[in-house]
Every structure is written in structure tokens, then in C-alpha cells.
Amino acid sequence: MIWIRLKMSSFIVFTYQHTCKTGHDAYILQNAPFKAVKKKSPNGGPIKIPFLGEGYYFWEENIDAAIRWGKKHYDNKYSIVEYIDVNILDDELLNLTNRRNIQYFKELQAIYIQKRPACEKWRLGTWIEFFKKLRDQNEVNFPFKYIRADEHLPEKEELGYNKEKTFFADGLPYYTFLSPLLMLCVLDKKELKFKEKRIHKE
């Protein structure tokens, strides 16, 4: 087994929103979250893999993002389930907003790029599915149950979504975002630990 050391020891606790197709509240509360899966492309094209691989997707404390997703992807016929105080152990989280986690992921990539240079062109979701498969075969240390990332939109969509771009100082062109699009992919919903689950009413 390939083993790269990654040591953490604390928890993070946030509220998350899951957007799904609308339906009866009781059914949604009982069955949500719903899994995003790989799909075959029409006409024999490549398999479509969700952003962070197969799993259950959430927005991190961002009801506006959950609403936006519902309007765009469910033709405005959607429900939002809120998970209050989701408790995640740090060493079970691949946090792609954390430089140490990113370095760990890149070191894993480098091992397989050296063996198979063509895989350097793989997209992020393909890499994650690859490492999950190797983990199941006990060939690599990929202990993660959750994956977290910051989504950046194409330019034409970025203009229509307010991420609260904020400049650091007067007269300088450098800035940050005070409302980033943080997403969480849960690999197995049985691992979800939270205080409360409820339907969000707008």
C-alpha cells in the first residue's frame, strides 16, 4: 500500500444545505440526501463524473447557493434540506481549501503520473474516483469520508452570482471573497453526524 502521512486531530462543525428535486416533505426528510452518480454520455462519449466524484453534495452555510442550484438544475422545482451542526473529523476530510491537504493530494497524484503520464490530464473528479477504487483494493491510503472544495464559476455565471468580492485596501487591485461557494461531498451518507435535519422554507 502507498502511504503518505497526513495527521490531524480536531473536528469542524458547520450547517449544510442539500438541494434536491421537489417532493413530499416527509419523503425528502426520510430519504435525503440523494446521491450524485456517474452517468454515461450520449452517443458513447466519456462517462460524466460529478465535481468531486460520486457522493452526496452540500453547500456550506450558503442558502443562496442552494437556491441558485435548485433554480438552475431543477427548473425551479426543488427542495432544500438543512443539516444543522454537521460534525466532521478532520482526518476524515479531504479539505481542498487547506494547503496541507492539497499537498497530500498532489503527492498522491505525482506517484501515479510518474507511472502513467497520460493521467496528468485527468480532471479532479476522475482522480478522486481513481483513489477511491485503489483504497477499496487496499493499494493506497485514502481515508477520507468527506471532500470539501471552493467552487469558482465560469465568467458568465460569476457575473450573476454575488460572492462579495472585497478589496483589501484602497488603491490596490487585490481582493478576496467574503461569500465563497464552499461545497461538501459526503461519500457515504451513513457517516453523516448532525444535530438536526429539516426542510428549509423560503
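Higher on the page you've got the structure.
For clarity, every value in this text was computed on a predicted model and none was experimentally measured.

(A) Just a nonpolar patch on the surface, in detail. A grouping of Phe168, Leu172 and Tyr174 is seen on the molecular surface, where their side chains present a nonpolar patch of about 370 Å² in accessible area. Following the sequence through the fold, tyrosine 174 ends up in the loop between β7 (165-167) and β8 (175-177).

(B) The arrangement of the pattern of salt bridges in detail. Taken as a whole, this structure holds 10 salt bridges when the rule is applied. A salt bridge links lysine 132 to glutamate 129; the shortest N-O distance between them is 2.7 Å. One end of the pair, lysine 132, and the other, glutamate 129, are both in helix α4 (residues 124-136), three residues apart, so they sit about a helical turn from each other. As far as the burial class goes, lysine 132 and glutamate 129 line up, both buried. Overlapping salt bridges, with partners in common, bring together Glu92, Lys145, Glu191 and Lys193 in one network.

(C) Expanded view of the pairing of strand β9 (residues 181-186). In terms of residue burial, β9 counts as a mostly covered element, since six of its six residues are buried. Burial along β9 is two-sided: the face carrying Leu181, Met183 and Cys185 and the face carrying Leu182, Leu184 and Val186 are both buried. Taken together, the four bridges between strand β3 (residues 55-60) and β9 define a ladder with antiparallel strand orientation. Counterpart to tyrosine 57 in the pairing with β9 is cysteine 185. For strand β6 (residues 146-151) and β9, the ladder comprises six bridges, and the chain directions are antiparallel. In the strand pairing of β9, arginine 148 is matched with leucine 184.

(D) View of the nonpolar core. Leu52, Tyr112, Phe131, Phe142 and Ile147 are the most contacted members of the largest nonpolar core, which has 30 residues in total. Secondary-structure elements contributing two or more residues to this core are β3, α2 (63-73), β4 (78-89), α3 (99-115), α4, β6 and β9. It is α4 that contributes the most residues to this core, five residues altogether. Tyr16, Tyr56, Tyr83 and Leu184 belong to the second largest nonpolar core, which has 17 residues in total.

(E) Quick peek at α4. An ideal rise of 1.5 Å per residue puts 18 Å on 13 residues; α4 measures up with 19 Å between its terminal C-alpha atoms. For α4, the complete set of buried residues consists of Gly125, Trp127, Ile128, Glu129, Phe130, Phe131, Lys132 and Leu134. The first or second residue beyond α4 is asparagine 138, which carries a positive phi of 60°.

(F) Representation of unusual backbone geometry. For the bond running from alanine 32 to proline 33, omega is 0°, close enough to zero to count as cis. Relative to the elements of secondary structure, proline 33 occurs in the loop between α1 (25-31) and β2 (35-36). For aspartate 75, which is not a glycine, the phi torsion comes out positive at approximately 50°. Assignment of secondary structure puts aspartate 75 in the loop between α2 and β4. Its identity as a non-glycine residue notwithstanding, aspartate 85 has a phi of 55°, on the positive side. Secondary-structure assignment places aspartate 85 in strand β4.

About the criteria used
Sequence positions are assigned chain by chain, starting from 1 and proceeding in written order. Only residues with pLDDT of at least 70 are given local features in this predicted model, and only at 80 or more are side-chain atom pairs given and counted; all residues enter the totals for whole chains, interfaces and linings. Calculated side-chain values reflect all of the structure's heavy atoms, with hydrogen atoms and water omitted. Exposure above 30% relative accessible area and the lack of any salt bridge qualify a residue for a patch; like charges then connect within 9 Å, and the nonpolar side chains Val, Leu, Ile, Met, Phe, Trp and Tyr within 5 Å. Using a 1.4 Å probe, the Shrake-Rupley method yields the accessible areas, and only the shown protein chains count as cover for residues. Take a side-chain nitrogen of Lys or Arg and a carboxyl oxygen of Asp or Glu: if they are within 4 Å of each other, that pair is a salt bridge. Labels follow the DSSP assignment, with helices taken as runs of H or I lasting at least four residues and strands as runs of E lasting at least two, numbered in each case from the N terminus. With a 1.4 Å probe rolled over the protein chains alone, any residue whose accessible area is under 20% of its type maximum counts as buried; one over 50% counts as exposed, and the rest are partly exposed. DSSP calls a pair of strands paired once it identifies at least 2 bridges connecting them. What we call a nonpolar core is a set of buried Ala, Val, Leu, Ile, Met, Phe, Trp, Tyr and Cys residues that are connected through their side-chain atoms within 4.5 Å. Every helix has an expected span of 1.5 Å times one less than the residues it contains.

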